[in-house]
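# Chain and residue survey
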Amino acid sequence: MQNYYRLIGQVGSPYSMKMRAIMRYRRLPHVFVVATPKVREEIAHVRPAVIPVLQYPEDKSYQNDSTPLIYELEKRHPVQRSIVPDDPGLAFLAHLVEDLADEWVTKMMFIYRWWREVDQEYCSKWLAHLTLQAADPAAINETAEYLKTRQVGRMPIVGNTEITKPIIEESFFQVLDILERHFQKSYYLFGSRPSMAEFGLFGQLFQLAYDPTPLSIMRKEAPGVAAWISLLDDASGAEDGAWMNPDDTLPEAVMELLQITGEVYFPFLLANNTAFDKGEDTFSLTLMGKPYTQGVFKYQVKCLQWLREHYAGLTGKAKERVDAVLKETGCYDPLQS
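Here the structure is a predicted model, which means the values were calculated and not measured.

Take the overall build of the protein next. For the protein, the helix and strand inventory stands at 13 helices and six strands. Against the compact-globule benchmark of 20 Å for 337 residues, the protein has a radius of gyration of 20 Å, which places it among compact chains. If you line up the protein on its principal axes, its C-alpha atoms span 60 × 50 × 45 Å. Across the 337 residues of the protein, 55% fall into the buried class. Of the roughly 14,700 Å² of accessible surface on the protein, 53% is carried by carbon and sulfur atoms. Of note, the protein has its 35 positive side-chain charges centred 4 Å away from the centre of its 44 negative side-chain charges.

Okay, here's the thing in structure tokens:
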């Protein structure tokens, strides 16, 4: 009987690296299986067709989508180096930052990877090599060209355009600055151990630390972030830490990330949700004083729904503490369904 998890993904996939780092930190027995064409055939039936895919040991069934996977692993291994804070209020805030990373910071990863020719050329060939492994140059070049054409063609759909580029890149510098200052004091956001928030940020930043343009920016502007990425990639040897006291003041970095959530991410989610309800294909709004337009995404409608459901489960003192934080950062009203 297989007594370990199989995590099927790619080094060039932010969500694969997020889950691999989580499995390593939590010391869960697993192997990382690169999603080559042959392996893709194995998981072709898994929907939606995205990686990573986790195969469970006991019945060899499959599941994907990194955030649901986090919670499933918490159920299965509740006391083994959990990444969800014990306090419900802190757990919700960690989830909120993780969602910001998964759905907004990913735009930074995507635009830097596929906007400039230097990044397009390097990244498409890097991804082709990762996928095909030891293939002849003609096959590598053919796959690289296919990847580049497909991904560059998707940029307007996901909101990566000449109009939105300044917003996305400015928010990248904001995130780097927030984390660089915080990492001078602590490598964690909610205590002396990593939460799902850190791993969400890590998955996207891991990719940005590989690609030529954002790598050069990070080395110059945020070397501490680059070091943190290297360490969190395999934190299996990190000592067990403690969650912060929920009554203590949140770190400045958490408040600043939530400020971005309130000023940029939630308005984005709400505009997407409204357009979806109206049956529209695109939506437009103003972010950071600049115009922003992109196609409607059903998955991000679900993200807003899940956040509201998670928030609705808060009660008592945890809700009181969270509400005060949400109101201060502009995140309160969007969560009122």
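What follows continues from the structure just given.
What follows concerns the pattern of salt bridges. Side-chain pairs of opposite charge can arise where the charged atoms are in close proximity. Counted under the stated rule, the structure contains 21 salt bridges. The partner of Arg26 in a salt bridge is Glu74, with the nearest N and O atoms 3.5 Å apart. On the criterion of sequence distance, the pair formed by Arg26 in the loop between helix 1 (14–25) and strand 2 (30–34) and Glu74 in helix 3 (residues 66–76) is long-range, its members being 48 residues apart. Residue Arg26 shares its accessibility class with Glu74, and that shared class is buried. Residues Asp211 and Arg113 are paired through a salt bridge, measuring 2.8 Å at the closest nitrogen-oxygen approach. Linking Asp211 in the loop between helix 8 (196–208) and helix 9 (212–221) with Arg113 in helix 4 (residues 88–114), this pair joins segments that are 98 residues apart in sequence. This pair shows no difference in class: Asp211 is buried, exactly as Arg113 is. Salt bridges sharing partners connect three or more residues here, namely Asp177, Arg181, Glu252 and Glu256.

Now for the pairing of strand 5 (residues 282–287). Side chains Phe283, Leu285 and Leu287 of strand 5 all project onto a buried face; the interleaved residues Thr282, Ser284 and Thr286 project onto a face where none is buried. One ladder, built from six bridges, connects strand 5 with strand 6 (residues 290–295); its direction is antiparallel. The residue of strand 6 that forms the bridge with Phe283 is Gln294.

Any pair of aromatic rings gets described here by the distance separating the centres and the angle formed by the planes. Inspection of the entire model under this criterion finds 19 aromatic pairs. Taking 5.1 Å as the distance between ring centres and 40 degrees as the angle between the ring planes, the aromatic pair formed by Phe206 and Tyr210 counts as tilted. For Phe206, a relative accessible area of 5% puts it in the buried group. Every member of this aromatic cluster is reached through a ring pair, and the members are Tyr122, Trp126, Phe183, Tyr187, Phe202, Phe206, Tyr210 and Trp228. The lysine or arginine in question, Arg20, covers the ring of Phe32, its NZ or CZ lying 5.1 Å from the ring centre. When the ring centre of Tyr25 is taken as reference, the NZ or CZ atom of Arg81 above it lies at 4.2 Å.

A word on the environment of Leu7. For Leu7, the location among the structural elements is in strand 1 (residues 5–9). Residues Leu7 and Val33, 26 residues apart in the sequence, show an inter-C-alpha distance of 5.9 Å. Each residue touching Leu7, except ones within four places of it in the same chain, is listed here: Ser16, Met19, Arg20, Met23, Val31, Phe32, Val33, Pro52, Val53 and Leu54.

For the rest of this paragraph, the subject is the sheet that holds strand 3 (residues 53–55). Across a sheet, strands are paired by hydrogen bonds formed along the backbone, either parallel or antiparallel in direction. With mixed pairing, the four strands of this open sheet are ordered in space as 2-1-3-4. Every interior strand has two partners, whereas the edge strands, strand 2 and strand 4 (62–64), have only one. Averaged over all pairs of adjacent strands, the angle between strand axes in this sheet comes to 25 degrees, irrespective of strand direction. The sheet contacts of helix 3 involve strand 1, strand 3 and strand 4, and relative to strand 4 the element is tilted by about 125 degrees.

In this structure, Trp104, Phe190, Leu201 and Leu205 are the most contacted members of the largest nonpolar core, which totals 98 residues. Here this core gets 17 residues from one element, more than from any other, and that element is helix 4. Residues contacting Leu205, with those up to four places away along its chain left out, are Phe172, Leu176, Leu179, Met218, Val225, Trp228 and Ile229. Grouped together as the second largest cluster of nonpolar side chains are eight residues, Val33, Ile43, Val46 and Ile51 included.

The buried fraction of strand 1 amounts to five of the five residues, a majority that puts the element mostly inside the structure. Alternating residues of strand 1 divide into Tyr5, Leu7 and Gly9 and Arg6 and Ile8, and every residue in both groups is buried. Relative to strand 2, strand 1 runs parallel, the two sharing five bridges. Among the inter-strand pairings, Ile8 is bridged to a residue of strand 2, identified as Val33. The handedness of the strand 1 to strand 2 crossover, carried by helix 1, is right-handed. Pairing of strand 1 with strand 3, which is carried by three bridges, proceeds in the antiparallel orientation.

Cut-offs and rules
- Residues numbered from 1 in each chain as written.
- Predicted model: local features only at pLDDT ≥ 70, side-chain atom pairs only at ≥ 80, totals over all residues.
- Heavy atoms only, no water.
- Helix = DSSP H or I, 4+ residues; strand = E, 2+ residues; numbered from the N terminus.
- Rg over C-alpha atoms; globule rule 2.2 N^0.38 Å.
- Buried < 20%, exposed > 50% of the residue type's maximum accessible area, 1.4 Å probe, protein only.
- Areas by Shrake-Rupley, 256 points an atom, 1.4 Å probe, with all protein chains shown as cover.
- Lys, Arg positive; Asp, Glu negative; His and termini not counted.
- Charge placed at Lys NZ, Arg CZ, Asp CG, Glu CD.
- Salt bridge = Lys/Arg side-chain N within 4 Å of Asp/Glu carboxyl O.
- Pairing = 2+ DSSP bridges.
- Phe/Tyr/Trp six-rings, centres within 6.5 Å; stacked < 30°, edge-to-face > 60°.
- Lys NZ or Arg CZ within 6 Å of the ring centre and 35° of its normal.
- Contact = heavy atoms within 4.5 Å.
- Axes fitted to C-alpha atoms, helices over the stretch in contact; angles between N-to-C directions.
- Core = buried A, V, L, I, M, F, W, Y, C linked by side-chain atoms within 4.5 Å.
- Right-handed = clockwise from strand over helix to strand, strands pointing away.

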